[in-house]
Amino acid sequence: MLLFLLVLSARTFIPGLPSATPSVIALGRVDQMGLVEVCNGAPVSPSHAVTLYSFASGTMPFVITDDGRLLPDSTILFRDLGLAMLVFDGEPFSRWNDPRLEAPLSGEAVFIAGYRSDGITFLQTRTTNTRNDGSVVLSMGPAPGLMGAAAYDASGRLLGIITGTIPDQTGNDRLALLPSQLWSVWSSSLVNGVSGSGSPFGVSALAYTLGEMDDETPSGVLIVDVCEGSRAENCGLRSGDIVTEAGGNRVYHPESLRGMVNSGETVELSVYRAGMTVSLAVPAD
């Protein structure tokens with residue numbers, strides 16, 4: 001069997017390549033036929049790496065190294081966003097990149113690092129538009145070795161993870177980026193071992209979007225139920241509200257909202273309610 005080489009970081013001469021070295025790892029899993037399927041992962045600390053939920057939710061994935069296979073000590077799944085965190089007791093990653101907190105800008109340069117059997121490939125593309133679910137469409141079409149690939153901005157900050165392809169307005173497939181702005185709170189809480197301070201927020205919620213054709217109701221986090229006496233009720237949230245922003249950042253998933261309101265600081269929410277947008281403040285608890 002061919003032994004793949006783990007490359008934690010590499011450089012190549014591409015104009016505008018980030019000054020900070022992008023990092024990516026090769027992951028494998030054994031399918032039902034006994035063959036090794038390969039995916040990418042992005043280290044976010046010496047002991048943590050993010051990859052795709054679809055790759056990590058079945059057979060336990062492993063890091064492919066020049067010495068063999070390195071199994072994570074645990075895998076934490078984030079089904080809502082389609083991601084998984086691989087956790088190692090040691091510190092196998094000599095290089096990693098912090099997820100960027102800001103959403104990608106329209107037309108921003110994007111550098112993709114993906115692993116192939118002959119090493120890392122670096123590709124340059126740009127953002128085009130953001131969809132109603134928060135995913136970003138890139139100008140580049142599909143290419144080999146980009147499943148779960150890591151995307152970086154011009155400063156070398158982790159901009160997101162390649163999750164697949166999305167048809168553009170002309171029907172051509174383009175790469176889809178899940179921006180780190182949507183999952184950085186989740187990632188940071190796991191890396192830093194923070195479970196959230198204070199009392200529970202007190203809502204049942206769902207990710208909400210009506211798709212590309214809806215121009216009236218915004219995407220966000222739909223509040224299904226509010227617990228009596230909870231922080232959510234005290235700040236004024238009601239069932240049927242759609243939280244669109246928290247702390248000035250767009251939110252699309254309940255886990256992201258939970259992390260933001262448990263940050264230990266007062267957080268301003270933008271809430272769509274009965275055709276109007278209202279502002280609510282969630283005080284630090």
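Refer to the structure presented above.
Let me begin by describing the structure that accompanies this report. (Residues numbered from 1 in each chain as written. Predicted model: local features only at pLDDT ≥ 70, side-chain atom pairs only at ≥ 80, totals over all residues. Heavy atoms only, no water.)

**Overview of the overall build of the chain**
Using the following cut-off: Where helices and strands are cited, they refer to DSSP runs of H or I of at least four residues and of E of at least two residues respectively, numbered from the N terminus. Relative accessibility decides the category of a residue: with a 1.4 Å probe and only protein chains considered, values under 20% of the type maximum give buried, values over 50% give exposed, and everything between is partly exposed. The contact criterion used throughout is that any non-hydrogen atoms of two residues lie within 4.5 Å. Exposure was quantified through the Shrake-Rupley algorithm and a 1.4 Å probe, taking into account, for residues, occlusion by the shown protein chains and nothing else.
Along the backbone of the chain there are 4 helices and 19 strands. Burial statistics for the chain: of 285 residues in total, 47% are counted as buried. Within the chain, residue pairs in contact and separated by at least 24 positions form 57% of the contacts whose partners lie at least 6 positions apart. Looking at the chain as shown, the accessible area adds up to about 13400 Å², and 51% of this sits on carbon and sulfur atoms.

**Quick look at the nonpolar core**
Selection rule: Each nonpolar core is a collection of buried residues, namely Ala, Val, Leu, Ile, Met, Phe, Trp, Tyr and Cys, held together in the definition by side-chain atoms within 4.5 Å.
If you look at the biggest cluster of nonpolar residues, it comprises 35 residues, and the most contacted ones within it are Val50, Leu81, Leu83, Leu158, Ile161, Trp183 and Trp186. The biggest single contributor to this core is strand β7 (residues 83-87), with 4 residues. Filtering out sequence-adjacent residues up to four positions away, Leu158 remains in contact with Ala42, Val44, Asn97, Asp98, Pro99, Arg100, Ala150, Ala151, Tyr152, Ser180 and Trp183.

**Topic: the environment of Ser189**
Using the following cut-off: N or O atoms within 3.5 Å of each other form a polar contact, as long as, within protein, one can give a hydrogen and the other can take it, and as long as residues adjacent in sequence are counted only when both atoms are side-chain atoms.
In this structure, Ser189 sits in helix α2 (residues 184-191). Classification of Ser189 as buried rests on a relative accessible area of 14%. On a C-alpha basis, the gap between Ser189 and Gly259 in space is 7.7 Å, while along the polypeptide they are 70 residues apart. At 2.7 Å, the side chain of Ser189 forms a polar contact with the backbone oxygen of Trp186.

**Section: the pattern of salt bridges**
It is possible for side chains bearing opposite charge to pair when their charged atoms get close. In plain terms, the rule: Salt bridge, as used here, is a side-chain nitrogen of Lys or Arg placed within 4 Å of a carboxyl oxygen of Asp or Glu.
Throughout the structure, instances matching the rule amount to 9 salt bridges. One salt bridge in this structure joins Arg29 and Glu37, with 2.7 Å as the shortest N-O distance. Judged by its relative accessible area of 19%, Arg29 is buried. Residue classification places Glu37 among the partly exposed residues on the basis of a relative accessible area of 30%. Among the ionic pairs, Arg100 bridges to Asp153, the shortest N-O distance being 3.1 Å.

**Quick look at the sheet that holds strand β13 (residues 173-179)**
This is how it is decided: Strands are labelled as partners when DSSP assigns at least two bridges between them. Axes here mean lines fitted to C-alpha atoms, for a helix over just the part in contact, with angles spanning 0 to 180 degrees between N-to-C directions.
The strand order β8-β9-β10-β13-β12-β11 describes a closed barrel built from 6 strands, whose pairing is antiparallel. Each strand axis lies, on average, 45 degrees off the axis of its neighbour in the sheet, ignoring direction. Of the strand pairs in this sheet, strand β12 (residues 158-167) and β13 are connected by 7 bridges, and their pairing is antiparallel. Residue pairing across strands places Ile162 opposite Leu177, the latter belonging to β13.

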